[in-house]
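Commentary on secondary and tertiary structure
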Amino acid sequence: MRLGTLILIMAGALALAGCAPGRSGAPSSNGARSAETTPITELAKVQVREYKGKKLGSIEDFRENSIKGPQVVDLKTYRLKITGQVTTPTVMTYAEVLAYPAYEKDVTLNCIEGWSVNILWRGVRLRDLLERAGVKSTAKTVIFHGADGYTTSLPLDFVVSKNLLLAYQMNGVDLPTERGYPFQVVAESKYGYKWAKWVTEIELSSDANYRGYWEKRGYDNKADFPGE
């Protein structure tokens, strides 16, 4: 099914709160992020902890389980690529991505290790980025590549129907380096290994059975969290 058709079908399926970015660590004139070197403990002091009357977890409530440790991304050279089964391969700077309409929603990340944390995420809709590149009718899968070489994937129709976000903020502050700065996939209702961090490339593929880093090592490719 073409992306345009999916969008028309799902246009009213999920309400999102659209608002201006309001970033706490906007890029400075030389391309560096003003909050780039701020320790996560300091960011935790200014994060929001409640959303629409609902308590939120903390940006500190995560365990470090990435395959190569936290990645440090330089905004001066950073580019987000959209490749594969698209009509127009696209390359965007951090600022160009953030120029898209911003949305926010509180979503719980459930880790396969047995812990969970609910966070208010702010970002851009992946489907908006995919529209820019023009998804071919042969595309079935969205593959996410991280700066550390990590990969994982999600079905294209799931990404579109759920209005998944590519987040750049959590609890009102820029993503800390430890949490995936500059961008993390908010793969709601999926286990945490589908929440790719330090995203550098979004690849559209015709391979419906593509398996990423952990999936090749035996993890379930659907990664559905029970009850969601």
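Below or above, wherever it landed, is the structure these notes cover. (Residues numbered from 1 in each chain as written. Predicted model: local features only at pLDDT ≥ 70, side-chain atom pairs only at ≥ 80, totals over all residues. Heavy atoms only, no water.)

**Some thoughts on the nonpolar core**
- Leu129, Leu166, Ile202 and Leu204 are the most contacted members of the largest nonpolar core, which totals 58 residues.
- Among the elements that make up this core, the one with the highest residue count is strand 10 (residues 165–170) (5 residues).
- If near-sequence neighbours (up to four positions away) are discounted, Leu129 is found in contact with Leu80, Ile82, Met92, Val97, Tyr100, Val124, Leu166 and Ile202. (Core = buried A, V, L, I, M, F, W, Y, C linked by side-chain atoms within 4.5 Å. Buried < 20%, exposed > 50% of the residue type's maximum accessible area, 1.4 Å probe, protein only. Helix = DSSP H or I, 4+ residues; strand = E, 2+ residues; numbered from the N terminus. Contact = heavy atoms within 4.5 Å.)

**A closer look at the layout of surface pockets**
- For the largest pocket, the calculated volume is near 400 Å³.
- Every residue lining the largest pocket is counted, 24 residues in all, and those nearest its centre are Asn65, Ser66, Gly192, Tyr193 and Lys197.
- By residue class, the composition of the lining of the largest pocket is 13 nonpolar, 4 polar and 7 charged.
- There is about 200 Å³ of room inside the second largest pocket.
- Residue lining of the second largest pocket: 13 residues in total, with Leu154, Pro155, Ala208, Asn221 and Lys222 positioned closest to the centre.
- Ranked by residues supplied to the lining of the second largest pocket, first place goes to strand 9 (residues 151–155) with 3 residues.
- Split by residue class, the lining of the second largest pocket holds 4 nonpolar, 3 polar and 6 charged. (1 Å grid on protein atoms, 1.4 Å probe; cavity = no way out; pocket = protein on both sides within 12 Å on 5 of 7 lines; lining within 4 Å. Points joined across faces, edges and corners; volume = space filled by probe spheres on them. Nonpolar A, V, L, I, M, F, W, Y, C, P; charged D, E, K, R; others polar.)

**Things to note about the pairing of strand 10**
- For strand 10, the tally of buried residues reaches 6 of 6 residues, placing the bulk of the element in the interior.
- Examined bridge by bridge, strand 7 (residues 116–125) and strand 10 share 5 bridges and lie antiparallel to one another. The partner of Arg122 across the bridge, within strand 10, is Gln169.
- The pairing of strand 10 with strand 12 (residues 184–186) spans 3 bridges and is classified as antiparallel. Note that in strand 12 the partner of Ala167 across the bridge is Gln184.
- Sheet analysis places strand 10 next to strand 11 (residues 173–174), joined by 2 bridges and oriented antiparallel. Counted as the bridge partner of Met170 is Val173 from strand 11.
- Hairpin connection of strand 10 to strand 11: 2 residues between the antiparallel strands, including Asn171 at a positive phi of 50 degrees. (Pairing = 2+ DSSP bridges.)

**What to know about the environment of Glu188**
- Within the secondary structure, Glu188 is located in the loop between strand 12 and strand 13 (199–205).
- On the accessibility criterion, Glu188 (11% relative accessible area) is buried.
- Each C-alpha atom of the pair Glu188 and Phe225 lies 9.0 Å from the other, and the pair is 37 residues apart in sequence.
- Those residues within four positions of Glu188 in sequence are excluded, and the remaining contacts are Lys105, Val107, Phe158, Lys162, Leu164 and Trp195.
- In terms of polar contacts, Glu188 uses its side chain to reach the side chain of Lys105, at 2.6 Å. (Polar contact = N/O pair within 3.5 Å; in protein donor to acceptor, adjacent residues only side chain to side chain.)

**Examining the side chain of Lys105**
- Of note, Lys105 is situated in strand 6 (residues 102–110).
- For Lys105, the side chain forms a polar contact with the main-chain oxygen of Asn163, separated by 3.2 Å.

**Description of the pattern of salt bridges**
- With the rule as written, the count across this model stands at 9 salt bridges.
- In this structure, Glu42 engages Lys45 in a salt bridge whose closest nitrogen and oxygen atoms are separated by 3.1 Å. Residue Glu42 and its partner Lys45 are located together in helix 2 (residues 40–46), separated by 3 residues, close to a single helical turn.
- On the accessibility criterion, Glu42 (37% relative accessible area) is partly exposed. (Salt bridge = Lys/Arg side-chain N within 4 Å of Asp/Glu carboxyl O.)

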